[in-house]
Amino acid sequence: MHKWGMVIDLDRCTACQACVVACHSENNIALIGPEESAKGRTIHWIELIPYFEGEYPHIKARLIPRLCMHCEHPPCTKVCPVYATYLNEEGIVTQINYRCIGCRYCTTACPYTVKYFNWYAPKWPKEMKGSLNRDVSIRTKGVVEKCTFCHHRLLKAREKAKVEGRDLLPEDYIPACVQACPSGAMFFGDLNDPFSTVSKLSRERRAFRLMEDLGTEPKVYYLSEGV
């Protein structure tokens with residue numbers, strides 16, 4: 001069985017935010033204006049957050065891509081009363097939109113704050129409706145949204161492999177953010193395969209995970225800079 005995971009090399013990341021744009025385009029993430037933004041109602045399934053290294057006056061500002069960690073022990077799934085979010089057999093924390101009742105227990109339980117509540121019905125300019133991804137639903141008002149490792153791409157790749165009469169290959173399934181990264185800083189694959197790139201990189205001495213002490217066992221790894 002596959003266990004999908006991601007490795008992000010911070011030494012390669014240029015903070016260009018191509019991954020953010022690709023995620024928005026691929027997953028039909030709603031556009032918001034300055035009014036909603038001022039209320040803190042922005043929606044980004046992946047975003048670059050700042051952190052600081054060193055002590056004054058030798059402080060360095062860094063940016064780190066943050067998305068759903070797809071934890072092995074996700075706190076969000078334990079508090080959802082309607083089973084709208086759950087950990088599937090391949091290690092992806094999925095989100096079933098039509099089950100979500102908008103109670104937002106999961107957003108409170110998530111220590112990484114990577115779940116977003118859709119406060120309003122999305123509206124798209126007429127000229128942009130033709131660019132929406134038909135493989136992904138447009139979420140209605142009142143549901144929680146999050147990164148799913150572009151799970152729809154996995155389903156499509158699995159169907160294609162079945163038609164071609166072969167097994168699913170790891171390279172058949174790549175999330176939009178990984179595909180769009182111009183510096184090759186993002187890697188994706190099967191953590192259960194000891195010979196895969198992500199599996200090898202996750203065992204490097206530079207590898208770390210966010211807030212590992214919480215015991216959530218994230219499947220998103222980072223490679224530290226300048227080591």
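As a reminder, the structure under discussion sits directly above these lines.
Our subject in this report is the structure included herewith.

Parameters at a glance
- Within every chain, residues take consecutive numbers counted from 1 along the sequence as written.
- Under the rules for a predicted model, residues below a pLDDT of 70 receive no local features and side-chain atom pairs below 80 are neither given nor counted, while totals for whole chains, interfaces and linings still include all residues.
- Just so you know, side-chain values use all the structure's heavy atoms and leave hydrogens and water out.
- In this text, helices come from DSSP runs of H or I with a minimum length of four residues, and strands from runs of E with a minimum of two, each type numbered from the N-terminal end.
- Using C-alpha atoms as the atom set, the radius of gyration is obtained and then compared with a globule rule of 2.2 Å times the number of residues to the power 0.38.
- Only protein chains enter the accessibility calculation, which uses a 1.4 Å probe; a residue whose area is less than 20% of its type maximum is buried, one above 50% is exposed, and one in between is partly exposed.
- All accessible-area figures derive from a Shrake-Rupley calculation using a 1.4 Å probe, and residue coverage is judged against the displayed protein chains alone.
- When DSSP finds at least two bridges between two strands, those strands are taken to pair.
- Only centres within 6.5 Å qualify two rings of Phe, Tyr or Trp (six-membered ring in Trp) as a pair; their planes then separate them into stacked at under 30 degrees, edge-to-face at over 60, and tilted for everything else.
- Two conditions define a charge sitting above a ring: the NZ of Lys or the CZ of Arg must be within 6 Å of the ring centre, and it must be within 35 degrees of the ring normal.
- Residue contacts are counted whenever heavy atoms from the two residues lie within 4.5 Å of one another.
- A residue counts toward a patch only above 30% relative accessible area and without a salt bridge, and it is joined to like-charged neighbours within 9 Å or, for Val, Leu, Ile, Met, Phe, Trp and Tyr, to nonpolar neighbours within 5 Å.
- Each reported salt bridge corresponds to a side-chain nitrogen of Lys or Arg within 4 Å of a carboxyl oxygen of Asp or Glu.
- Whenever a nitrogen or oxygen atom comes within 3.5 Å of another N or O atom, the pair is scored as a polar contact, on the condition that within protein one atom can donate a hydrogen and the other can accept it, and that pairs from neighbouring residues in sequence are kept only if both atoms are in side chains.

1. A short note on the overall build of the protein chain
- Tallying secondary structure elements over the protein chain gives 7 helices and 10 strands in all.
- In summary, the protein chain has a C-alpha radius of gyration of 18 Å against a globular reference of 17 Å for 227 residues, a match within 12%.
- Over its C-alpha atoms, taken along the principal directions, the protein chain stretches across nearly 55 × 45 × 40 Å.
- Counting across all 227 residues of the protein chain, residues that qualify as buried make up 46%.
- Per element, the accessible surface of the protein chain, about 12,400 Å² overall, is 53% carbon and sulfur.

2. Observations regarding the sheet that holds strand β9 (residues 207–208)
- Taken together, 4 strands build an open sheet; the order of strands is β8-β1-β10-β9 and the sheet is mixed. Edge positions in the open sheet fall to β8 (186–190) and β9, since each of these has one partner strand only.
- Across 5 bridges, the pairing between strand β1 (residues 4–9) and β8 is antiparallel. Residue pairing across strands places V7 opposite F187, the latter belonging to β8.

3. Concerning the packing of aromatic side chains
- Under the defined criterion, the tally for this structure stands at 7 aromatic pairs.
- Here W4 and F188 contribute two aromatic rings whose centre-to-centre distance is 5.8 Å and whose plane-to-plane angle is 5 degrees, an arrangement assigned as stacked. Here the residue W4 occupies a position in strand β1, and F188 occupies one in strand β8, the gap between them amounting to 184 residues.
- For W4, a relative accessible area of 0% translates into the label buried.
- A relative accessible area of 14% means that F188 is categorised as buried.
- Centre to centre, the rings of Y83 and Y86 are 5.2 Å apart; their planes meet at 25 degrees, and the pair counts as stacked.
- Under the relative-accessibility criterion, Y83 is labelled partly exposed at 46%.
- In this structure, R41 is placed above the aromatic ring of W119, and the distance from its NZ or CZ to the ring centre is 4.2 Å.
- We note R104 situated over the ring of F117; from NZ or CZ to the ring centre the distance is 4.7 Å.

4. Focus: the environment of C150
- Note on placement: C150 falls in the loop between β7 (144–145) and α5 (151–163).
- As a C-alpha pair, C150 and W4 span 146 residues in sequence and 11 Å in three-dimensional space.
- Beyond its immediate chain neighbours, meaning those up to four positions away, C150 contacts E26, N27, Y173, P175 and A176.

5. Observations concerning a nonpolar patch on the surface
- Together, F52, Y56 and I59 give the surface a local cluster of nonpolar side chains, amounting to about 420 Å² of exposed area.
- Residue position: F52 is located in strand β2 (residues 47–53).

6. Looking at the side chain of N28
- One can find N28 in the loop between α1 (18–26) and α2 (34–38).
- With relative accessibility at 4%, the residue N28 sits in the buried group.
- At 2.8 Å, the side chain of N28 and the backbone nitrogen of N133 are in polar contact.
- Setting aside residues no more than four positions away along its own chain, N28 makes contact with W124, L132, N133, V136, S137, I138 and R139.

7. Examining the pairing of strand β3 (residues 60–66)
- Alignment of β2 against β3, held across 7 bridges, turns out to be antiparallel. When the sheet's bridge partners are listed, E53 is paired in β3 with K60.
- Adjacent in sequence and paired antiparallel, β2 and β3 are bridged by 6 residues, among which G54 carries a positive phi angle near 85 degrees.

8. Digging into the pattern of salt bridges
- Scanning all chains against the criterion turns up 16 salt bridges.
- For R66, the salt bridge goes to E47, with nearest N and O atoms at 2.7 Å. Taken together, the residues R66 in strand β3 and E47 in strand β2 connect sequence positions 19 residues apart.
- The class for R66 is buried, based on a relative accessible area of 16%.
- The salt bridge partner of K219 is E72, with a shortest N-O separation of 3.0 Å. Linking K219 in the loop between β9 and β10 (220–223) with E72 in the loop between β3 and α3 (75–79), this pair joins segments that are 147 residues apart in sequence.
- Overall, the relative accessible area of 31% leaves E72 in the partly exposed class.

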